Amino acid sequence: MTQTSYYNVLIITLFFSKVTEFQEGDSVIKINMQKRSTKGLTLQSNYQGPYIIIKLYGKKAILQAQNGTVLNNLQSVHFLKVKPYKKGDQLPALASKPPPSENELMGMGK
């Protein structure tokens, strides 16, 4: 097998192994494209969300955030831009401990 044919087989198997069909009502997280296009945003998380798919239009969807706000534009639900979100998953953007209280912020206690 030549190197180019091996590469083609590898790409095809990787492509078809990652394809995920989304349905209305699924929870998803989407890739943070702002981080990839702007310098100096290394502390931002890789993904944003979770979002719920309200309506599907082929490979595009209307997404709703957990707080109820609906995203303005149709969002691509291609497998490179959106991943399924399981309820127990911890997002990197979410803190594992609760936010500090006002007293802790003022330096009065812990």
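Treat the numbers as computed from the prediction; the structure is a model and nothing was measured. (Residues numbered from 1 in each chain as written. Predicted model: local features only at pLDDT ≥ 70, side-chain atom pairs only at ≥ 80, totals over all residues. Heavy atoms only, no water.)

*Asks:* Summarise the pairing of strand S2 (residues 47-57); cite the residues concerned and give the values.
*Replies:* As paired strands, strand S1 (residues 27-31) and S2 are joined by four bridges and run antiparallel to one another. Bridge pairing links Lys30 to Gln48 in S2. Bridging between S2 and strand S3 (residues 60-65) involves six bridges; their strand directions are antiparallel. Note on S3: the bridge partner recorded for Leu56 is Ala61. Two successive antiparallel strands, S2 and S3, enclose a turn made up of two residues, where Gly58 displays a positive phi of approximately 70 degrees. (Pairing = 2+ DSSP bridges. Helix = DSSP H or I, 4+ residues; strand = E, 2+ residues; numbered from the N terminus.)

*Asks:* Account for the layout of surface pockets, with residues named and values stated.
*Replies:* Empty space within the largest pocket amounts to approximately 150 Å³. Forming the boundary of the largest pocket are Lys30, Ile31, Asn32, Met33, Gln34, Gln48, Leu63, Leu74, Gln75, Ser76, Lys81 and Val82. For the lining of the largest pocket, the per-class residue count stands at five nonpolar, five polar and two charged. (1 Å grid on protein atoms, 1.4 Å probe; cavity = no way out; pocket = protein on both sides within 12 Å on 5 of 7 lines; lining within 4 Å. Points joined across faces, edges and corners; volume = space filled by probe spheres on them. Nonpolar A, V, L, I, M, F, W, Y, C, P; charged D, E, K, R; others polar.)

*Asks:* Lay out the pattern of salt bridges in plain terms, naming residues and giving numbers.
*Replies:* This model, assessed by the stated rule, comprises one salt bridge. Here Glu24 ties to Lys55 by a salt bridge, and the two come within 4.0 Å at their closest N and O atoms. With Glu24 in the loop between helix H1 (3-18) and S1 and Lys55 in strand S2, this residue pair connects regions lying 31 residues apart in the sequence. Classification of Glu24 by relative accessible area gives partly exposed; the value is 45%. For Lys55, a relative accessible area of 36% gives the class partly exposed. (Salt bridge = Lys/Arg side-chain N within 4 Å of Asp/Glu carboxyl O. Buried < 20%, exposed > 50% of the residue type's maximum accessible area, 1.4 Å probe, protein only.)

*Asks:* So what about the pairing of S1? Which residues, and what values?
*Replies:* Burial analysis of S1 places five of its five residues in the buried class, the great majority of the element. Note that S1 and strand S5 (residues 82-84) share three bridges and pair antiparallel. Bridge assignment links Val28 to a residue of S5, and that residue is Pro84.

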